Amino acid sequence: MIRVEGLSFRHHHAPRAVVEDVSFTVDNGRIAVLLGPNGSGKTTLFKCIAGLWKSCGGTVRLDGRETDGLSFRERALLLALVPQDHTPPFPYTALETVLMGRAPHVGLYASPSARDVDKARAALETVGVGHLADRPYTRVSGGERQLILIARALAQESPILLLDEPTSHLDFRNQHAVLSWVRRVAGDKGLTVLMTLHDPNLAAHFAHQVVLLKEGCVIADGIPEQVLNEGSLEQLYGVGIGTVADAGRRLFYPRSA
């Protein structure tokens, strides 16, 4: 479970907060999507939840444990982060990249064990890219790279998964492929997932819960059917929104000016 209560963040000497008094809860085994325009504070909020940045107010609890005061290892055992962009300094293989996710389980001066390698291979198989184990991570497609990063997070064996815009830079097919794997793996392993997306249609299709963030504040939080509508999206993005019906689902699109 992720519980955020009154979280605020302000850059040093900045005139206003980037994130202000944000509160929401993601229950165990659920997928929540944080939706908002560029500059709304989504990535800042993620960095605060992950402990990369220290908030100036409020609390974050992961599976009931308040994160302030946790060591990096303790935090890593609770939460795994899939970043928006990742370029390794060396051409590690996909297996080596995933094996890095085992770091919280390996002693300070120890090397990964055969069990760690087995878990890394299993994580690659889980997301359908086991055949890429020996391929340089820098020489795979964008969709495959994203799945390898998700495998690395799975190898970490943390109950909570954060994905920062996992579909950015992906084509239409790979967007759906990556999110389908996320939903399947989260269901199979009972993970709690929080991710940021730009497309309300992807949020409506893959999420159990949607949190709308505008100018650092939550303006709506609930199931997609209640939260995602023309009015809320017009308020969020400042543009007219239209809908079309398809097989019982609503698809949103921006109206021409």
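Residues numbered from 1 in each chain as written. Predicted model: local features only at pLDDT ≥ 70, side-chain atom pairs only at ≥ 80, totals over all residues. Heavy atoms only, no water.

A. Examining the pairing of strand β3 (residues 31–35) more closely. Of all five residues making up β3, five are buried, and the element is well covered by its neighbours. Side-chain alternation along β3 places Ile 31, Val 33 and Leu 35 on one buried face and Ala 32 and Leu 34 on a second face that is also buried. Alignment of β3 against strand β8 (residues 192–197), held across five bridges, turns out to be parallel. Bridging from a neighbouring strand, Leu 35 pairs with Leu 197 of β8. Bridge analysis of β3 against strand β9 (residues 209–214) gives four bridges, and the strand direction is parallel. Paired with Leu 35 across the two strands is Leu 212, which belongs to β9. (Buried < 20%, exposed > 50% of the residue type's maximum accessible area, 1.4 Å probe, protein only. Helix = DSSP H or I, 4+ residues; strand = E, 2+ residues; numbered from the N terminus. Pairing = 2+ DSSP bridges.)

B. Representation of the side chain of Asn 201. Residue placement: Asn 201 occurs in helix α7 (residues 200–206). Once residues lying within four places of it in the same chain are set aside, the contact partners of Asn 201 are Arg 249, Arg 250, Leu 251 and Phe 252. (Contact = heavy atoms within 4.5 Å.)

C. Spatial organisation of unusual backbone geometry. Even without glycine at this site, Asp 21 takes up a positive phi of about 55 degrees. Among the structural elements, Asp 21 can be located in strand β2 (residues 19–26). With a phi angle near 70 degrees, His 169 is a residue other than glycine that sits in the positive phi range. Looking at where His 169 falls in the secondary structure, it is placed in the loop between β7 (160–164) and α6 (172–189). Using a relative accessible area of 66% as the deciding quantity, one classes His 169 as exposed.

D. Main features of the nonpolar core. Counting residues in each nonpolar core, the largest one holds 51 residues, and the members touching the most others are Leu 35, Leu 124, Ile 148, Ile 150 and Leu 228. If you tally residues by element for this core, the top one is helix α5 (residues 142–155), at eight residues. Once residues within four sequence positions are removed from consideration, Leu 124 is found in contact with Ala 94, Leu 95, Val 98, Val 129, Gly 130, Ala 133, Ile 148 and Ala 151. One finds Ala 32, Cys 48, Ile 49 and Leu 79 within the second-largest nonpolar core, a separate group that totals 25 residues. (Core = buried A, V, L, I, M, F, W, Y, C linked by side-chain atoms within 4.5 Å.)

E. The arrangement of the pairing of strand β10 (residues 217–222) in detail. Judged from the five bridges that link them, β9 and β10 form a sheet pairing that is antiparallel. Within the sheet, the bridge partner assigned to Lys 214 lies in β10 and is Cys 217. Two successive antiparallel strands, β9 and β10, enclose a turn made up of two residues, where Glu 215 displays a positive phi of approximately 50 degrees.

F. Spotlight on the sheet that holds β9. Taken in spatial order, the six strands of this open sheet run β6-β7-β8-β3-β9-β10, and their pairing is mixed. Edge positions in the sheet fall to β6 (79–82) and β10, since each has one partner strand and no second. Averaged over all adjacent pairs, the angle separating strand axes in this sheet is 15 degrees, with direction ignored. As paired strands, β7 and β8 are joined by five bridges and run parallel to one another. Counterpart to Leu 162 in the pairing with β8 is Leu 194. On top of the sheet, helix α9 (residues 230–237) reaches β3, β9 and β10; it is set at about 35 degrees to β9, its chief contact. (Axes fitted to C-alpha atoms, helices over the stretch in contact; angles between N-to-C directions.)

G. Region of the structure containing α6. The end-to-end C-alpha distance of α6 is 26 Å, a good match for the 26 Å that 18 residues give at a rise of 1.5 Å each. Where the residues of α6 are buried, they touch β3, α4 (114–126), α5, β7, β8 and α7. Capping the start of α6 is the job of one residue whose side-chain oxygen sits 3.3 Å from the backbone nitrogen of Arg 173: Asp 171. Looking one or two residues beyond α6, the residue adopting positive phi is Gly 190, at roughly 65 degrees. (Expected span 1.5 Å × (residues − 1). Polar contact = N/O pair within 3.5 Å; in protein donor to acceptor, adjacent residues only side chain to side chain.)

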